[in-house]
Amino acid sequence: MASKKEEVRRKHIRLHMESALTARDKVGVQDFVLLDAYTSESAFLDNLRKRFSENLIYTYIGTLLVSVNPYQELGIYTVSQMELYQGVNFFELPPHVYAIADNAYRMMCSELNNHFILISGESGAGKTEASKKILQYFAVTCPMTESLQIARDRLLLSNPVLEAFGNAKTLRNDNSSRFGKYMDIQFDFKGIPVGGHIISYLIEKSRVVYQNQGERNFHIFYQLLEGGEEELLAYLGLERDPQLYKYLSQGHCAKESSINDKNDWKTVSNAFSVIDFTEDDLENLYGIIASVLHLGNICFEANQQGCASIPDTHEIKWIAKLLGVNPWVLLEALTHRKIEAKTEEVICPLTLELSAYARDAMAKAVYGRTFTWLVNKINSSLVNKDFTGKTVIGLLDIYGFEVFDKNGFEQFCINYCNEKLQQLLIERTLKAEQAEYEMEGIEWEPIQYFNNKIICDLVEERHKGIISILDEECIRPGPATDLSFLERLEEKVGKHAHFQTRKLAGPKGRKRIGWMEFRLFHYAGEVTYCTKGFLEKNNDLLYRHLKEVLCRSKNRILKECFRVAELENRRRPPTVGTQFKNSLSSLLEILISKEPSYIRCIKPNESKEPSKFDVFLIRHQIKYLGLMEHLRVRRAGFAYRRKYEHFLQRYKSLCPDTWPHWHGPPAEGVERLIKYIGYEPEEYKLGRSKIFIRFPRTLFATEDAFEFSKHQLVARIQAMYKGCLERRAYVRKRQAAIKLEAHWRGALARKEAKRRKWAVQIIRKFIKGFINRNKPLCPDNEEFIVFVRKNYILNLRYHVPENVLDKSWLRPPGLLENMQQKVVTSEIFRGKKEGYAESLNQPFADSRIDEGDINPKVLQLISSEKIQYGIPVIKYDRKGFKTRQRQLILTQKAAYVVELAKIKQKIEYPALKGVSTSSFSDGMLVIHVSPEDNRQKGDAVLQCKHIFEAVTKLVMLAKKENLVNVVQGSLQFYISPGKEGTIVFDTGPEEQIYKDKNGQLTVVSGRVWGGGGVSSFK
Ligand SMILES: Nc1ncnc2c1ncn2[C@@H]1O[C@H](COP(=O)(O)OP(=O)(O)O)[C@@H](O)[C@H]1O
Ligand SMILES: [Mg+2]
């Protein structure tokens, strides 16, 4: 099951790999590597021509791009073209400069490293155009945020500004870069261009004051005159006509049809506003440009002493105004020289020639430093203040190899620079590549190539090289001249195979070299240099006097360019040659640390004509650009190499054995990996520490497969992550639910507890009420009684008797039985006996004797009759009225007078004849029995505490409620059957009961019957 799935996956990867090989355009081959006769220069040239004739100007050698200048608009730089190349694998589309740019960009983004694109070729071959196309490509295709748009615009617009000031029309190129430019485009981790930095190299200052026939000064001068508004020109004191300015008219071609200075002026003005130039900056800048033009027009005349003077100060005044210097000081500085003697300064006049030299030196210095200021200014507007890690793509567009009829110090520097870049290319491609194969133990047949290091050394070697010799000549005391420099050269490097002079050349070569000239055999061909001006240009001297004037300038830009500190520094500044040498060596350091891409530009003809393919010229370029060697190394070599660790790290997800971790040695992991994805044996080689992949298509196919698997991986990671998020959310919700539940349960429990507490209180109250139900109404029983009453009455409605005769009412609860009894009591006693009213609120008790207090024997005797009521009484003996403690116990059937275990008297209810009490508040009670009943001893004379209660209970049990007699004064009773006695009732201040002298029982009550007097009751 698993293996089947594996198989499908493997197939899928392979399929992807094959889809990478797409149709190529039909004309020739678009990659020289595919050329059958790859060692033949003619075949190479033929392929190039075939393609060029179809306007296919780009061809690859592996990943190197060969570009032929079409000298016409081809319509291949549209936005849709850019989109076409965006994110597409290198070999899937026809060759294009966009593919190089995109490839570098993708690599930078995926590997987070720095790159550079080296564009080389001779002057006019299309380097600057290529670099502009690359910049535009990034500007259009890179992701962008609104806030970074300005950074992008500035990057783009820095170009027209720098070109206006640093480019000029030459014989070779109408827009020739007269300075070297290295530009870093900085990208953040998302691949958004966020900033940039430009380094400029040696601008050709001599052009400011002199141009060869058919050449122009820097564009900006013409642009200003052509495009500047009237007011601006008036403010600068300029006329529109460039012919009026000496510095602009020496080449006799101020107007050039291919150049539209007016439009360019607009572009540049617009660019200035985007790149943060203030009004003030521009005013100062234009002031400087104008004053250079004015300087050129200063004429010197010889006075009587043969010294220079300036008869017309018109220009001087304009310069003084525009640069903010004192005109008279300036005038003096242009015609005099300060010489420092030991203690004082001597001012001596200059000759005509030296004055002109001073003037030109000033123009060059001012222009040169202003250019540097301009680059710095642009840099400060491109700088990205965010210090997070950035990756860069560097673009190197530097002046190309140049050969004119007359070649001076500038061409020497330019061509030296090209030697160095060629050296870099050789080091990075041919040499390093072959060295690597050897090091990695890959079988390899060395390919011969020309290494131009020998020429670089000839120029730059310390103490021995041409630059060192020139420097020595410049500082040497004594009369050093350009000619003496040439002699020195002959002396020191005369034997060098790449060096020649007229003297050293054989009779054949002699004719072609002048007396002042030397010849170098550059990698790109031989160039004859005229030594005239070498010393002067290398020294680049500005008279101290003029320097002082410029240091005091009020022009803000000049103030920044000429620092007073410089005047104080007495050390000799490094010469131009040495400075250039040093800046080149630091440029190479910058480049070496980055991953390279190469574009080799070829110029098809010298006449800037479209569709003209000059075979001789092109063959020459193919040769010196080393394209054939490059092709041979490419063909034999490997397009791609990678350390095992890195290769494995990147592609390990393509093989289950290496994913997610490979624990063995990386080399074995890589082997396992490529077996799994099915590399053919000819596609790769395994070195000591690296894997070498022969064809780019293999790599791109692998990359495609990786891209595909990345989606799956991402989906898995996403799923895990989403799962994790959901789980986390779930746990959070669960915890929240538990918390809520806990709180809710707590709330419920608290409510329940409250309810229970309340219930307990109610129950307790009820129980308390129940316990105290018989007590007089008090807070303890009040509620209970109300409740019982209410309940009874509510119940009553279901038990209403059905007719009038039915006397059976619902039996009331004990407590209310009490009521019934009370009703009976009321009927008997109300208004008749004292103390009744007070007794009303005292509920009747069920009994006044606990059953436990009744003797068990008695209980035994009467238990069958159900005891209904008991109360302690005092019994008065019938005869002597002696008092005895007794219990009166009432049952269902009879009333008993009990003394401890003995029943003293039993009065069965039928035998009860009546009950008598007094009308006073005493507790006397007489139970009358039938006198005829001889079972009875006689009536019972009793006294008790709860008289109303006791009497009521008794008569109710006996059902003889109407037999109660409340007597007034006295009552008769039977002492024994037939024998009567009398009890007399009276009131008095003191309660008393006694037998009076008549043998009658006298009962004296207090006014109100209280407990106090009857203390014998217990
Ligand atoms: N890709 C191109 N398409 C059209 N014209 C081009 C192209 N490349 C160069 N040119 C033409 O050639 C001229 C010189 O090119 P440029 O890039 O300035 O050369 P370089 O910088 O190598 O000296 C340009 O001004 C332009 O007219
Ligand atoms: Mg250029």
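Novice: Help me understand the confidence of the model for the protein, please; the structure alone is not making it clear to me.
Specialist: Reading predicted coordinates in detail is not appropriate for stretches of low pLDDT. Considering every residue of the protein, the mean pLDDT works out to 87; 96% of them sit at 70 or more. When the criterion is pLDDT under 50, residues 14-25 qualifies, and its contacts beyond four places in sequence or with other chains add up to 25 contacts. Considering only residues more than four positions removed or in separate chains, one finds that residues 1009-1018, a stretch of pLDDT under 50, has 18 contacts.

Novice: Would you explain the sheet that holds strand β31 (residues 1001-1005) in this entry?
Specialist: Each strand in a sheet pairs with its neighbour through backbone hydrogen bonds, running either in the same direction (parallel) or in the opposite one (antiparallel). Strand order in the open sheet made by the four strands is β28-β29-β31-β30, with mixed pairing throughout. Strand pairing shows two members of the sheet lacking a second neighbour, β28 (970-976) and β30 (992-995), which therefore form its edges. Across the sheet, the axes of successive neighbouring strands diverge by a mean angle of 20°, strand direction being ignored. Where β30 and β31 come together, four bridges link them in antiparallel fashion. The residue bridging Lys995 from the neighbouring strand is Leu1001, located in β31.

Novice: Any chance you could explain the site of ligand 1 here in plain terms?
Specialist: Residues in close proximity to ligand 1 total 15 residues, the closest being Asn69, Tyr77, Gly124, Lys127 and Thr128. At 2.7 Å, a side-chain N or O of Lys127 approaches an oxygen atom of ligand 1. Its residues assigned to classes, the shell around ligand 1 shows four nonpolar, eight polar and three charged.

Novice: Sorry, what's going on with the sheet that holds strand β19 (residues 690-693) here?
Specialist: With respect to topology, three strands assemble into an open sheet ordered β17-β19-β18, the strand pairing being antiparallel. Of all strands in the sheet, those bounded by a partner on one side alone are β17 (640-643) and β18 (684-686). Across the sheet, the mean angle separating the axes of adjacent strands is 15° when strand polarity is ignored. Across three bridges, β18 lies against β19 in antiparallel orientation. Paired with Leu686 across the two strands is Ile691, which belongs to β19. Of the strands in this sheet, β17, β18 and β19 touch helix α27 (residues 644-651), which is tilted by about 95° from β17.

Novice: Is there a simple way to explain a nonpolar patch on the surface in this structure?
Specialist: On the surface, Ile763, Phe766, Ile767, Phe770, Ile771 and Phe787 cluster together into a nonpolar patch covering about 580 Å² of accessible area. Among the elements that line the nonpolar patch, the one with the most residues is helix α29 (residues 696-771), at five residues. Here Phe787 shows up in helix α30 (residues 782-796). Relative accessible area serves as the criterion here: at 39%, Phe787 is assigned to the partly exposed category.

Novice: What am I meant to see in the coordination of the magnesium ion (ligand 2) here?
Specialist: In the first shell of the magnesium ion (ligand 2), the protein supplies Thr128 (OG1) and Ser177 (OG), at 1.9 to 2.3 Å from the metal. A residue pair is termed long-range when its members are at least 10 positions apart, and Thr128 in helix α5 (residues 127-141) and Ser177 in strand β5 (residues 176-177) qualify at 49 residues. Thr128 gets classed as buried once you look at its relative accessible area, which sits at 11%. For Ser177, a relative accessible area of 7% translates into the label buried.

Novice: When you look at the packing of aromatic side chains in this model, what are you seeing that I'm missing?
Specialist: Two aromatic rings, taken as a pair, are described by how far apart their centres are and by the angle between their planes. Tallying each qualifying case throughout the model produces 43 aromatic pairs. Here the aromatic rings of Phe165 and Tyr367 are separated by 6.5 Å at their centres, their planes lie at 25°, and the arrangement is stacked. Taken as a pair, Phe165 in helix α6 (residues 149-166) and Tyr367 in helix α15 (residues 352-382) lie far apart in primary sequence, 202 residues in all. Judged on exposure class, the residue Phe165 and its partner Tyr367 are both buried. A centroid spacing of 5.8 Å and a plane angle of 80° characterise the contact between Phe518 and Phe534, whose relative ring orientation is edge-to-face. Remark: Phe534 occurs in helix α20 (residues 534-539) and Phe518 occurs in strand β14 (residues 517-522); sequence separation between them is 16 residues. Phe534 shares its class with Phe518; the two are buried. Among the aromatic residues, ring-to-ring pairing joins Phe165, Phe218, Phe221, Trp265, Phe272, Phe277, Tyr286, Tyr367 and Trp373 into one connected group.

Novice: Help me out: how do you make sense of unusual backbone geometry in this one?
Specialist: Working note: non-glycine residues mostly have negative phi, and peptide bonds are mostly trans. Put simply, Trp659 and Pro660 share a cis peptide bond, and its omega is -5°. In this structure, Lys959 is a non-glycine residue whose phi angle is positive, near 55°. Inspection of the secondary structure assignment puts Lys959 in the loop between α34 (947-957) and β27 (964-967).

Novice: I tried to follow the environment of Ser863 on my own but got confused; where do I start?
Specialist: Mapped onto the secondary structure, Ser863 falls in the loop between α33 (856-862) and β20 (867-876). The partly exposed category is assigned to Ser863, whose relative accessible area is 46%.

Novice: What is the right way to read the pairing of β28 from this model?
Specialist: On any regular strand, side chains alternate: one points to one face of the sheet, the next to the other face. Two strands pair when backbone bridges link them, and β28 and strand β29 (residues 979-987) are joined in this way by six bridges, in the antiparallel orientation. The partner of Ser976 across the bridge, within β29, is Lys979. The turn joining β28 and β29, which pair antiparallel and follow one another in sequence, is formed by two residues; a positive phi near 95° is taken by Gly978.

Novice: Looking at this model, I keep getting lost on the nonpolar core. Mind explaining?
Specialist: One recurring pattern in soluble globular proteins is that nonpolar side chains are buried together. One finds Phe165, Met362 and Phe518 to be the most contacted residues of the largest nonpolar core, which totals 181 residues. Here this core takes 13 residues from α15, the largest share from any one element. Judged by nonpolar contacts, the second largest core, of 30 residues, contains Ile828, Leu890, Ala895 and Ile927.

Novice: Which parts of the structure should I look at to understand the environment of Gln868?
Specialist: As for its placement among the helices and strands, Gln868 is situated in strand β20. The partly exposed category is assigned to Gln868, whose relative accessible area is 31%. Through-space distance from the C-alpha of Gln868 to that of Ser689 is 119 Å; in sequence the pair is 179 residues apart. If we ignore the near neighbours within four places in the chain, the residues touching Gln868 are Asp846, Leu890, Thr891, Gln892 and Leu957. Here Gln892 takes part through its side chain, which lies 2.6 Å from a polar atom of the side chain of Gln868.

Novice: Which parts of the structure should I look at to understand α34?
Specialist: Helical periodicity: at 3.6 residues per turn, an α-helix aligns residues three or four positions apart in one direction. With respect to burial, α34 is a largely interior element, nine of its 11 residues being buried. Buried within α34 are the following residues: Ile947, Phe948, Glu949, Ala950, Val951, Thr952, Lys953, Leu954 and Val955. Just downstream of α34 lies Lys959, where phi reads positive at about 55°.

About the criteria used
- Residues numbered from 1 in each chain as written.
- Chains lettered and ligands numbered in written order.
- Predicted model: local features only at pLDDT ≥ 70, side-chain atom pairs only at ≥ 80, totals over all residues.
- Heavy atoms only, no water.
- pLDDT = per-residue confidence, 0-100.
- Contact = heavy atoms within 4.5 Å.
- Pairing = 2+ DSSP bridges.
- Helix = DSSP H or I, 4+ residues; strand = E, 2+ residues; numbered from the N terminus.
- Axes fitted to C-alpha atoms, helices over the stretch in contact; angles between N-to-C directions.
- Near = heavy atom within 4 Å.
- Polar contact = N/O pair within 3.5 Å; in protein donor to acceptor, adjacent residues only side chain to side chain.
- Nonpolar A, V, L, I, M, F, W, Y, C, P; charged D, E, K, R; others polar.
- Patch = residues over 30% accessible without salt bridge, like charges linked within 9 Å, V, L, I, M, F, W, Y side chains within 5 Å.
- Areas by Shrake-Rupley, 256 points an atom, 1.4 Å probe, with all protein chains shown as cover.
- Salt bridge = Lys/Arg side-chain N within 4 Å of Asp/Glu carboxyl O.
- Buried < 20%, exposed > 50% of the residue type's maximum accessible area, 1.4 Å probe, protein only.
- Donors = N, O, S within 2.8 Å, 3.2 Å for Na, K, Ca; no water.
- Phe/Tyr/Trp six-rings, centres within 6.5 Å; stacked < 30°, edge-to-face > 60°.
- Core = buried A, V, L, I, M, F, W, Y, C linked by side-chain atoms within 4.5 Å.

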